[in-house]
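Here is what each chain is made of, one letter per residue.
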Amino acid sequence: MVDSNTEYNALRNEILNLISIQNTYIIAMYTITITILGFGLQTQNSFLFLLPYIVLFSFQRIISAKRDGYLRIAAYITVYLEEGSGWESRYATITSSMQSTKHKNKLNIVIYNVFIGRISSSQLGFLCSSISIIVTLLNITEDNVPLTIVTILSAVTLFSLLLYFNKNTLKSMKKREEYIELMKNTKRL
């Protein structure tokens, strides 16, 4: 049988590995998106600015899976190894006290998390859609009004879908608590 310190260190290393993989995907997502945006700026093609959504959706799915993985491990550590007396056990209290002093209402928290830092794909999606709409409006003529409408609707729709796809990302603490409760119930059996 493995002792708790060895198990804790192995799980801690797994969390660090998942975070490292997640960060690698975030860097790749930024790099690919910025490269495509550069080509779009050179060609002034409004649809090219929407192409990064392929990258954003697929990479965010992988990033979310890695985040879910380390949330499960953190919950396991909380329930089976710390038993109420470690970092993972105190993390929810620390996080909630920090958020309550930083933000007063839920809308501010969502805006802060989406546009300032927690969800990279949403930031990049906003950038892609905004540039696409601006370039479309700058190049509008009487001949391309239907294409302009399609481009703007596509930009807004893709960004809205990305926000919807990422909605659970902002609930990682809730998801972590759900895993903790599930594991506590399993432990009792």
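Preceding block: the structure.
Residues numbered from 1 in each chain as written. Predicted model: local features only at pLDDT ≥ 70, side-chain atom pairs only at ≥ 80, totals over all residues. Heavy atoms only, no water.

A few points about the packing of aromatic side chains
Counting across every chain of the model gives 5 aromatic pairs. Taking the centre distance of 5.4 Å and the plane angle of 75° together, the rings of Tyr25 and Phe59 count as edge-to-face. Taken as a pair, Tyr25 in helix H1 (residues 4–43) and Phe59 in helix H2 (residues 52–82) lie far apart in primary sequence, 34 residues in all. Judged by relative accessible area, which is 28%, Tyr25 ranks as partly exposed. Ring centres 5.7 Å apart and planes at 70° place the aromatic pair Phe57 and Phe165 in the edge-to-face group. Taken together, the residues Phe57 in helix H2 and Phe165 in helix H6 (residues 145–165) connect sequence positions 108 residues apart. A relative accessible area of 38% places Phe165 in the partly exposed class. One aromatic cluster is present, built from ring pairs that chain together Tyr53, Phe57 and Phe165. (Phe/Tyr/Trp six-rings, centres within 6.5 Å; stacked < 30°, edge-to-face > 60°. Helix = DSSP H or I, 4+ residues; strand = E, 2+ residues; numbered from the N terminus. Buried < 20%, exposed > 50% of the residue type's maximum accessible area, 1.4 Å probe, protein only.)

Quick notes on unusual backbone geometry
Phi angles above zero are rare outside glycine, and Gln44 is one such case at about 55°. The topology assignment puts Gln44 in the loop between H1 and H2.

Quick notes on the side chain of Ser132
Its location among the elements puts Ser132 in helix H5 (residues 120–138). The exposure class assigned to Ser132 is buried, which follows from its relative accessible area of 0%. A polar contact is formed between the side chain of Ser132 and the backbone oxygen of Ser46, at a distance of 2.9 Å. In contact with Ser132, not counting residues within four places along its chain, are Ser46, Phe49, Leu50, Thr151 and Ala155. (Polar contact = N/O pair within 3.5 Å; in protein donor to acceptor, adjacent residues only side chain to side chain. Contact = heavy atoms within 4.5 Å.)

Brief notes about the layout of surface pockets
Within this model, the second largest pocket holds a volume of roughly 360 Å³. Secondary-structure elements contributing two or more residues to the lining of the second largest pocket are H2, H6 and helix H7 (172–188). Residue composition of the lining of the second largest pocket, by class: 3 nonpolar, 6 polar and 7 charged. (1 Å grid on protein atoms, 1.4 Å probe; cavity = no way out; pocket = protein on both sides within 12 Å on 5 of 7 lines; lining within 4 Å. Points joined across faces, edges and corners; volume = space filled by probe spheres on them. Nonpolar A, V, L, I, M, F, W, Y, C, P; charged D, E, K, R; others polar.)

So, a nonpolar patch on the surface
The grouping of Leu137, Ile140, Val145, Ile149 and Leu153 at the surface amounts to a nonpolar patch, some 430 Å² of accessible area in total. Looking at the nonpolar patch element by element, the count peaks at 3 residues for H6. Position of Leu137 relative to the elements: it lies in helix H5. Classification of Leu137 as partly exposed rests on a relative accessible area of 46%. (Patch = residues over 30% accessible without salt bridge, like charges linked within 9 Å, V, L, I, M, F, W, Y side chains within 5 Å. Areas by Shrake-Rupley, 256 points an atom, 1.4 Å probe, with all protein chains shown as cover. Salt bridge = Lys/Arg side-chain N within 4 Å of Asp/Glu carboxyl O.)

A few points about the pattern of salt bridges
For the structure shown, the criterion picks out 3 salt bridges. Between Glu177 and Arg176 there is a salt bridge, and its shortest N-O distance comes to 3.1 Å. The class of Glu177 is partly exposed, set by a relative accessible area of 30%. For Arg176, a relative accessible area of 2% corresponds to the buried category.

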